[in-house]
Amino acid sequence: MPPTLPVPGPGARFPRGLDAQGHIAREGSLARVAPDFRPVVAAAHERVPACFGARLHSAYLYGSIPRGTARVGRSDLDLLVVLREDPTGTDRTDAHALDETLDGLFPQIDGSGTLLVGHARVLSDLERHDLGWFLACLCTPLLGEDLAGRLPRYRPDSLLARETNGDLALVLPRWRDRVASADGSEAALRPLVRFMSRRLVRTAFTLVMPRWNGWTSDLYEMAGAFGAYYPRRAEQLRAAALLGYEPRGDRAVLMSYLDDLGPWLADEYTRVHGVKARRPEDA
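Residues numbered from 1 in each chain as written. Predicted model: local features only at pLDDT ≥ 70, side-chain atom pairs only at ≥ 80, totals over all residues. Heavy atoms only, no water.

Draft legend 1. Main features of the packing of helix H10 (residues 234-245) against helix H11 (residues 251-273). For the pair H10 and H11, the least separation of the axes is 13 Å and the interaxial angle reads 140°. Looking at the two axes, H10 sits oblique to H11. Considering the relative orientation of H10 and H11, their crossing is left-handed. Within the contact between the two elements, H10 uses Gln236, Leu237, Ala240 and Leu243 and H11 uses Val253, Tyr257, Asp260 and Leu261. (Axes fitted to C-alpha atoms, helices over the stretch in contact; angles between N-to-C directions. Helix = DSSP H or I, 4+ residues; strand = E, 2+ residues; numbered from the N terminus. Parallel < 35°, antiparallel > 145°, perpendicular 65-115°, else oblique. Left-handed = near helix turned anticlockwise from the far one by under 90°. Contact = heavy atoms within 4.5 Å.)

Draft legend 2. Representation of the environment of leucine 116 in the model. The topology assignment puts leucine 116 in strand E3 (residues 112-118). Each C-alpha atom, one on leucine 116 and one on arginine 92, is 7.4 Å from the other, the two residues being 24 residues apart in sequence.

Draft legend 3. Expanded view of the pairing of E3. When you tally the buried positions in E3, you get 5 out of 7 residues, the bulk of the element. Where strand E2 (residues 77-83) lies against E3, 7 bridges are found, and the strand directions are parallel. Paired with aspartate 78 across the strands is glycine 113, a residue of E3. Tracing the backbone out of E2, into helix H3 (residues 89-105) and back to the parallel element E3 gives a crossover that is right-handed. (Buried < 20%, exposed > 50% of the residue type's maximum accessible area, 1.4 Å probe, protein only. Pairing = 2+ DSSP bridges. Right-handed = clockwise from strand over helix to strand, strands pointing away.)

Draft legend 4. Layout of the pattern of salt bridges. Per the counting criterion, the structure on display carries 23 salt bridges. Between aspartate 94 and arginine 55 there is a salt bridge, and its shortest N-O distance comes to 3.2 Å. Placement of aspartate 94 in helix H3 and of arginine 55 in the loop between helix H1 (38-52) and strand E1 (56-62) is noted, with a sequence separation of 39 residues between them. With relative accessibility at 22%, the residue aspartate 94 sits in the partly exposed group. Judged by relative accessible area, arginine 55 falls into the partly exposed class, the value being 31%. (Salt bridge = Lys/Arg side-chain N within 4 Å of Asp/Glu carboxyl O.)

Draft legend 5. Layout of the packing of aromatic side chains. Under the counting rule described, the total for this entry stands at 9 aromatic pairs. Considering the side-chain rings of tryptophan 175 and phenylalanine 195, the 5.7 Å spacing of their centres and the 70° angle between planes classify their relative orientation as edge-to-face. Remark: phenylalanine 195 occurs in helix H8 (residues 186-212) and tryptophan 175 occurs in helix H7 (residues 168-181); sequence separation between them is 20 residues. On the basis of relative accessibility, which here comes to 36%, the residue phenylalanine 195 falls in the partly exposed class. Each ring, one from phenylalanine 226 and one from tryptophan 264, has its centre 6.2 Å from the other, and the planes form 80°; the classification is edge-to-face. Placement of the pair is phenylalanine 226 in helix H9 (residues 219-229) and tryptophan 264 in helix H11, with a sequence separation of 38 residues. By relative accessible area, which is 22% here, tryptophan 264 ends up partly exposed. Among the aromatic residues, those joined into a ring-pair cluster are Trp133, Phe205, Trp212 and Trp215. (Phe/Tyr/Trp six-rings, centres within 6.5 Å; stacked < 30°, edge-to-face > 60°.)

Draft legend 6. Broad picture of the environment of glycine 184. Summarising the element assignment, glycine 184 is placed in the loop between H7 and H8. Residue classification places glycine 184 among the exposed residues on the basis of a relative accessible area of 58%. In this structure the C-alpha to C-alpha distance between glycine 184 and aspartate 250, which are 66 residues apart in sequence, comes to 8.3 Å. Ignoring sequence-local partners within four residues, the contact set of glycine 184 consists of Leu189 and Arg251.

Draft legend 7. Local environment of the packing of H8 against H9. For the pair H8 and H9, interaxial distance at closest approach is 8 Å and the crossing angle is 55°. Taken together, the axes of H8 and H9 lie oblique to each other. Two packed elements cross with a definite hand, and for H8 against H9 that hand is left-handed. Facing H8, whose interface residues are Arg198, Val201, Arg202, Ala204, Phe205, Leu207, Val208, Arg211 and Trp212, H9 presents Leu219, Met222, Ala223, Ala225, Phe226 and Tyr229. Grouping the amino acids of the contact of H8 with H9 by side-chain chemistry returns 12 nonpolar, no polar and 3 charged. (Nonpolar A, V, L, I, M, F, W, Y, C, P; charged D, E, K, R; others polar.)

Draft legend 8. Expanded view of the sheet that holds E2. Read from one edge to the other, the open sheet built from 4 strands follows the order E3-E2-E1-E4, with strand pairing classed as mixed. With partners counted over all chains shown, the strands left at the sheet margins are E3 and strand E4 (139-144), one partner each. If you compare each strand with its neighbour and ignore which way they point, the axes differ by 25° on average. Where H3 meets the sheet, its contacts fall on E2 and E3, and the angle it forms with E3 comes to roughly 155°.

In structure tokens form, the structure reads like this:
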């Protein structure tokens, strides 16, 4: 069972995850990587440059491994690779091959995922409070120049909330298509439950983040913070947090997200923070 965690009530100031100036502190470091996962990180450090060569600008770890919370056989390896130009189809093919290789070499990880992005996009005004914030606050440098030095410091404010997760209404129809096209097997549905549970909990948390006045990547803490402001949805979010860590392939869960929690959260998010700036790929 998830732990029972103290959370601040509405209106309280709770500077978890912030530095002395009230900025979101960068989470994770190579020093926090547990011994079981150090060979995985070492292999990524060696293989990423071999895979992308001169196209590579820099690479980062994110997720549970650099936070030191990864579980053997349950956690995946998350990589952000910044290329000097926008990623091509060849780059994506190479990234997929890299992920398959790393996943096959190391049984202690449950998959590997490499996110590719171009250098200019990371530093663009459009991505300043989304991808830029993600790199500066949630990613741990692994290779190359750390672009966090070219980005601002971030506070847990409404602008950050809007630009990180203010697109839920746009993605819900895509999720519905993914669920409709998936077969009913555990293998097909379990990753969808994990992905959607995590995204909904994180969106619910950033909905209340400016009032909570802090940052966390722990799904249980996120659900607890949200529940302090939306008690009628608290149990629903706590259940989603559990499924984010311990997913099961249940179509009924996915439909409850698509028909109830997701639409409600999208409407409330728009009401409180507005809509995320459109990206070219959204057209």
